[in-house]
Amino acid sequence: MLRYLTAGESHGKAIVAILEGMPAGLHLELDRINKELKRRQQGFGRGKRMQIERDRGQIISGLKNNITLGSPIALLIQNKDYSIEKLKKVISPRPGHADLAGFLKYGFSDIRDVLERASARSTVATVGIGAICKIFLGEFGIKIFSKVLSIGGRHSKQGMREKITEAVKTKDTVGGIFEVVVKRVPVGLGTYAQPDRRLDSRLAGGIMSIPGIKGVEIGLGFDYAEKFGSEVHDAIYYTRGKGYFRKTNNAGGIEGGISNGEDIILHACMKPISTLLNPLDSVNIITRRPAKATVERSDICVVDAAGVVAESACAFVLADAFLEKFAGDSLKDIKQAYRNYLRRII
Ligand SMILES: Cc1cc2nc3c(=O)[nH]c(=O)nc-3n(C[C@H](O)[C@H](O)[C@H](O)COP(=O)(O)O)c2cc1C
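Keep in mind it's a predicted model, so treat the numbers as computed, not measured.

Calculation rules
- Residues numbered from 1 in each chain as written.
- Predicted model: local features only at pLDDT ≥ 70, side-chain atom pairs only at ≥ 80, totals over all residues.
- Heavy atoms only, no water.
- Pairing = 2+ DSSP bridges.
- Helix = DSSP H or I, 4+ residues; strand = E, 2+ residues; numbered from the N terminus.
- Axes fitted to C-alpha atoms, helices over the stretch in contact; angles between N-to-C directions.
- Core = buried A, V, L, I, M, F, W, Y, C linked by side-chain atoms within 4.5 Å.
- Buried < 20%, exposed > 50% of the residue type's maximum accessible area, 1.4 Å probe, protein only.
- Contact = heavy atoms within 4.5 Å.
- Near = heavy atom within 4 Å.
- Polar contact = N/O pair within 3.5 Å; in protein donor to acceptor, adjacent residues only side chain to side chain.
- Areas by Shrake-Rupley, 256 points an atom, 1.4 Å probe, with all protein chains shown as cover.
- Nonpolar A, V, L, I, M, F, W, Y, C, P; charged D, E, K, R; others polar.
- Salt bridge = Lys/Arg side-chain N within 4 Å of Asp/Glu carboxyl O.

Asker: How should the sheet that holds strand β2 (residues 14-20) be read in this particular structure?
Answerer: Strand pairs in the sheet, formed through backbone hydrogen bonds, run parallel or antiparallel to each other. Read across the open sheet, the four strands follow the order β1-β2-β7-β4; overall the sheet is antiparallel. Both outer strands of the open sheet, β1 (3-7) and β4 (57-61), are each paired with one neighbouring strand and no more. For this sheet, the mean inter-axis angle between neighbouring strands, taken without regard to orientation, is 20 degrees. Judged from the four bridges that link them, β4 and strand β7 (residues 73-78) form a sheet pairing that is antiparallel. Bridging from a neighbouring strand, Ser61 pairs with Ala74 of β7.

Asker: Looking at this structure, how should I read the nonpolar core?
Answerer: General note: in soluble globular proteins, nonpolar side chains tend to be found buried as a group. Phe136 and Phe322 are the most contacted members of the largest nonpolar core, which totals 70 residues. With 15 residues, helix α9 (residues 303-325) is the largest single contributor of residues to this core. Non-local contacts of Phe322, meaning those with residues more than four positions away in its chain, are made with Phe136, Leu137, Phe140, Ile142, Pro186, Leu189, Ile334 and Tyr338. Phe103, Ile111, Val114 and Ile285 belong to the second-largest nonpolar core, a separate cluster that totals six residues.

Asker: Would you take a moment to explain the environment of Ala14 for this structure?
Answerer: Residue placement: Ala14 occurs in strand β2. Judged by its relative accessible area of 15%, Ala14 falls in the buried class. Excluding its chain neighbours within four sequence positions, the residues that come into contact with Ala14 are Ala7, Gly8, Glu9, Leu76, Ile77, Gln78 and Asn79.

Asker: I'm lost on the site of the ligand in this one. Help?
Answerer: Near the ligand lie 16 residues; those nearest to it are His97, Gly212, Lys271, Thr275 and Ser298. Asp299 is positioned with one of its backbone polar atoms (N or O) 2.9 Å from an oxygen atom of the ligand. In isolation the ligand offers 620 Å² of accessible surface; the protein chains occlude 85% of this area. Taken together, the residues that form the shell around the ligand break down as seven nonpolar, six polar and three charged.

Asker: Sorry if this is basic, but what is going on with the pattern of salt bridges here?
Answerer: One side chain can pair with another of opposite charge once the charged atoms of both are near each other. For the structure on display, the rule yields 21 salt bridges. With a shortest N-O distance of 2.7 Å, Glu20 and Arg3 are connected by a salt bridge. Placement of the pair is Glu20 in strand β2 and Arg3 in strand β1, with a sequence separation of 17 residues. The exposure class assigned to Glu20 is partly exposed, which follows from its relative accessible area of 32%. One salt-bridge network, held together by shared partners, links Glu36, Arg39, Lys134 and Glu311.

In structure tokens:
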């Protein structure tokens, strides 16, 4: 239904994204996209690059007078730090990055040719596309939020800040866990009918596609493994006018690969940033002798920003699943199909 492609190097001219399948008739304000791009740039522990960039989108197709035409939407975000041709050669791969595997795979002589595209700078495109999907979902009251739950094992706001400050002082990096919550999702997005159409696998895949994410949980997640079934499954109730509902939501809003009408709740773990100011052991790819890993300008902690990117990844998956269920070429048709469905199930 919905698909997108991104292009662009971290220090190239721009990052570009094309979104295909967004219906006609959706009101898109660039300000709302820019607001999301700004959120991605924030968070305690960000590096110097985020002080240089002022990410702003330009929509270069698919829109007339701020209304979608149903044709592909092309979004362009310029890199202020356009310097790809001037940057120094990278010859010692950083553990934890695509550097070594990418350089061997593509046969490059400069590891920069890997890291320019492997860099999470590309997540600016995910967020731009996600912002458009959020605007679409908003037409149906669906809202997506994220928050940081822990940093380096610390759960209080103060503790998290201390952990990042410690990492800055010791020239280290730190990861953490964030939560994504989606509210007012209707019953019936996704299906058990094929493994690749399950909503849980699609959401987990979307979040896992973000660089540095190493685990995703849905609802109770790994805690399910420690409980009896009677303790965890969410009993079903019905009230006239309100329809079916649950008093608990351990399933995180998805059963059998289908949204069940409760909030969708996801947790994800972001590993510590791999670029270290005190670099780990590595190998010089020219001499093949021991060397310290390359040090690049880098963030120290990005769990907050990763949560924003994950919201966007989820927005894309949910908009896609929504369009699958309530297919239509114009927003008007989709709203009609949605109303008819709600009338049937309540
Ligand atoms: C928003 C965001 C910003 C990031 N910034 C950096 C960074 O400045 N330096 C760095 O080494 N890694 C950064 N990362 C993480 C790397 O991109 C990621 O660890 C690396 O590409 C390896 O990917 P993998 O861990 O998924 O294998 C960032 C990730 C995200 C989501």
